[in-house]
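So the chains spell out like this:
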Amino acid sequence: MVLYPEPVSREAFTEYYESTHLPLARALPGMLACRYSLAVAGQDAPYFAVFEADFPDAETMGAAMGSEAGAAVANDVPNYASGGAVVIDFPVTELSVPVGEPA
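Because the structure is a prediction, the values reported are computed rather than measured.

Participant: I'd love a proper account of the packing of helix α1 (residues 10–26) against helix α3 (residues 68–76), names of residues and values included.
Facilitator: Any two packed helices are characterised by how steeply their axes cross, that is the angle between the axes, and by the distance between the axes. Their axes nearest at 8 Å, the elements α1 and α3 cross at an angle of 155°. The pairing of α1 with α3 is recorded here as roughly antiparallel in orientation. Taking contact as the criterion, the partners of Y16, T20, H21, L24 and A25 in α1 are, on α3, A72, V73 and D76.

Written out as structure tokens, the structure reads:
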């Protein structure tokens, strides 16, 4: 997960992020899925945007970030994220909820 604090210009961030950075990120080898939002909300939310990527395991993610594509993604961040970026990594535990049951 990548969390982005408020940039100097939301418009510049959005234009560059969607046209240049996301295509780089989508090229990460082994990535199963990804999603993002430029509308993070919440009481005193310190972040403007979020990006999430799913990998089958930590080793695959590590290899992706250590690849040429991963280097391109990491090196591109200063080109659009004037507020910096916070990268966090965590395993996910899925909960099963029967259909029709409250979560």
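Participant: Now, about the environment of V8: what can you tell me, with residues and values included?
Facilitator: Along the polypeptide, V8 turns up in the loop between β1 (2–5) and α1. Residues V8 and G84, spaced 76 residues apart in sequence, show a C-alpha to C-alpha distance of 10 Å.

Participant: Can you explain the sheet that holds strand β2 (residues 33–37)? Please cite residues and give values.
Facilitator: Strands sit in the order β2-β3-β1-β4 across an open sheet of 4 strands; the sheet is antiparallel. In the strand order of this sheet, the two ends are held by β2 and β4 (86–87), each with one partner. Sheet analysis places β1 next to β4, joined by 2 bridges and oriented antiparallel. Each bridged residue has a counterpart across the sheet, and for L3 the counterpart in β4 is V86. Strands β1, β2 and β3 (47–54) of the sheet are contacted by α1, whose axis makes an angle of about 10° with β3.

So, how was this worked out
- Residues numbered from 1 in each chain as written.
- Predicted model: local features only at pLDDT ≥ 70, side-chain atom pairs only at ≥ 80, totals over all residues.
- Heavy atoms only, no water.
- Axes fitted to C-alpha atoms, helices over the stretch in contact; angles between N-to-C directions.
- Helix = DSSP H or I, 4+ residues; strand = E, 2+ residues; numbered from the N terminus.
- Parallel < 35°, antiparallel > 145°, perpendicular 65-115°, else oblique.
- Contact = heavy atoms within 4.5 Å.
- Pairing = 2+ DSSP bridges.

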